[in-house]
Amino acid sequence: MTNNDVLKKLRVALMFRDDDIIDVLKLVDFKISKSELGAFFRKDDHPNYMECGDQVLRNFLNGLVIYLRGTKENPKTPGEVLSKKVIKPAAKVNHTKRPDFKTQQERRVNKDITNVKYKNKKKS
């Protein structure tokens with residue numbers, strides 16, 4: 001299992017977004033851009049794939065400890081931290097019932113045009 005796999009699995013398990021991971025890394029004064037972070041989550045055969053180094057993973061894990069447990073001066077309970085994490089809702093979806101595709105197409109048909117019989121039949 002590579003460092004990239006570990007980072008991916010932690011991201012999914014903790015329901016983190018790229019911004020959350022960047023914030024955790026900032027707790028240990030490690031700066032990384034979104035594009036660099038996105039390169040870690042790509043497939044191995046992607047041209048922009050980048051191997052996650054030991055330093056990045058180490059800093060993320062150290063930042064994660066501070067994020068979940070807090071510091072000596074200001075301790076936290078990990079369960080409370082995770083329960084307070086609010087999942088940001090996606091854009092609200094309008095659930096009004098739309099007509100099906102066939103009904104929409106029938107509305108677009110010009111009723112003034114009559115059906116035409118073609119002289120040449122389709123060859124198979």
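You'll find the structure just up there.
Analysis parameters
- Residues numbered from 1 in each chain as written.
- Predicted model: local features only at pLDDT ≥ 70, side-chain atom pairs only at ≥ 80, totals over all residues.
- Heavy atoms only, no water.
- Phe/Tyr/Trp six-rings, centres within 6.5 Å; stacked < 30°, edge-to-face > 60°.
- Helix = DSSP H or I, 4+ residues; strand = E, 2+ residues; numbered from the N terminus.
- Buried < 20%, exposed > 50% of the residue type's maximum accessible area, 1.4 Å probe, protein only.
- Lys NZ or Arg CZ within 6 Å of the ring centre and 35° of its normal.

Caption draft 1: Structural view of the packing of aromatic side chains. All told, the structure shown has one aromatic pair when counted by the stated rule. With 5.7 Å between their ring centres and 85° between their planes, Phe16 and Tyr67 make a pair best called edge-to-face. Of this pair, Phe16 sits in the loop between helix H1 (3-13) and helix H2 (18-26) while Tyr67 sits in helix H4 (residues 54-69), placing them 51 residues apart in sequence. Overall, the relative accessible area of 5% leaves Phe16 in the buried class. Judged by relative accessible area, Tyr67 falls into the partly exposed class, the value being 22%. The ring of Phe41 has Arg11 lying over it, and the distance from NZ or CZ to the ring centre is 4.2 Å.

Caption draft 2: Quick peek at unusual backbone geometry. One non-glycine residue, Met15, lies in positive phi territory at about 55°. Of note, Met15 is situated in the loop between H1 and H2. By relative accessible area, which is 53% here, Met15 ends up exposed. One non-glycine residue, Asp29, adopts positive backbone phi at about 55°. If you trace the backbone, Asp29 turns up in the loop between H2 and helix H3 (34-40). The exposure class of Asp29 is exposed, given its relative accessible area of 72%.

None of this, on its own, says anything about what the molecule does.
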